[in-house]
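One-letter residues, chain by chain:
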Amino acid sequence: MDSKVALVTGASRGAGRGIARGFGELGYTVYVTGRTTQPGDALNWDGSVLPGTVAETAAEVTAAGGKGVAVLCDHSDDAQVAALFEQIKQEQGRLDVLFNNATYIHPQLISKLPFWEKDLGAVGILDVGLRSAYVASWHAAQIMVPQGSGIIAFGSSFGGSCYMHGPAYGAQKAGIDKFAHDMEHDLRGTGVTTVSIWMGPLVTERSMIARETSPEQYEGFIKTAENPEFTAHIVDAIAKAPNRDELSGQTLIGAEIARELGVTDRGNERPSYRAMLGDPRPKNPAAVY
């Protein structure tokens, strides 16, 4: 059988880049989207240049053992998103995994300011991050439901429960958790699974820069941080799990479901932050039309 096909949105750098590599390690053909074509297009919180382009990520997927396909796509533009899914349908004829990762990162995201003292532009995460995940999932379902299989996953965090980076960030994470919950209701019986994954602290370009600039604050954190490839391996395991119908619609703590399914992060188990940061909302069986 040909390799499975995944789409990872927002994969020029950060979590998306590592998640795409993780699917590549498993032999997937991975479509990776982003807007960055030249290093320097994206900046860190302190104004330093962040590495990474969508083409570099695709090359890393291929080097990892899969096949990377780079697609320039602005997920705030519905026409570009529609063209992306049409390209996947024409070139592959199927889609096995959609990982919704594309998110707008405002420069003041981690500033310790009340929301009204941050620029109003911080609300952009509800456009690229929340709305864009709905649009991508809508298109993915058009492919997955007829083929009778697939998994729509959302990259989330404990910010869906606790206060984290302000109300816009929290609403986005809580919103995509609810997407997974409610989409499962509509997709039940189709063979398509939906999950939202609460990732722990991640090893990314931003966190590595932070370790270099503030080693006393970040060195210990990096030792237990998750490699983002870990999340891709978790999603693949969920898609293969005998109890995937039971897992579908849930918000899952990545470290916990990984232990349940026998997935490790480069041989390491990662800690859950449930006790510190809160519980995912459980599935609610009620349905109102």
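Our subject is the structure that appears above.
Small disclaimer: the values here were computed from a predicted structure and weren't measured.

**A few points about the packing of aromatic side chains**
Applying the stated criterion to the full structure yields six aromatic pairs. Measuring from centroid to centroid gives 6.1 Å for F154 and F179, while their planes differ by 50 degrees, and the two rings are tilted. Residue F154 is located in strand 5 (residues 150–156), and its partner F179 is located in helix 5 (residues 167–187); the two are separated by 25 residues in the primary sequence. Exposure remark for F154: the relative accessible area of 0% places this residue in the buried category.

**Some remarks on empty space enclosed by the protein**
Taken as a whole and judged by the stated rule, the model has one cavity of 30 Å³ or more. Each pocket or cavity is described by its volume, and for the largest cavity that value is around 70 Å³. Around the largest cavity sit 14 residues that line it, and N100, N101, A102, G129 and A133 are the ones nearest its centre. Elements that contribute at least two residues to the lining of the largest cavity include exactly helix 4 (127–147), strand 5 and helix 5. Residue composition of the lining of the largest cavity, by class: four nonpolar, nine polar and one charged.

The rules behind the values
Residues numbered from 1 in each chain as written. Predicted model: local features only at pLDDT ≥ 70, side-chain atom pairs only at ≥ 80, totals over all residues. Heavy atoms only, no water. Phe/Tyr/Trp six-rings, centres within 6.5 Å; stacked < 30°, edge-to-face > 60°. Helix = DSSP H or I, 4+ residues; strand = E, 2+ residues; numbered from the N terminus. Buried < 20%, exposed > 50% of the residue type's maximum accessible area, 1.4 Å probe, protein only. 1 Å grid on protein atoms, 1.4 Å probe; cavity = no way out; pocket = protein on both sides within 12 Å on 5 of 7 lines; lining within 4 Å. Points joined across faces, edges and corners; volume = space filled by probe spheres on them. Nonpolar A, V, L, I, M, F, W, Y, C, P; charged D, E, K, R; others polar.

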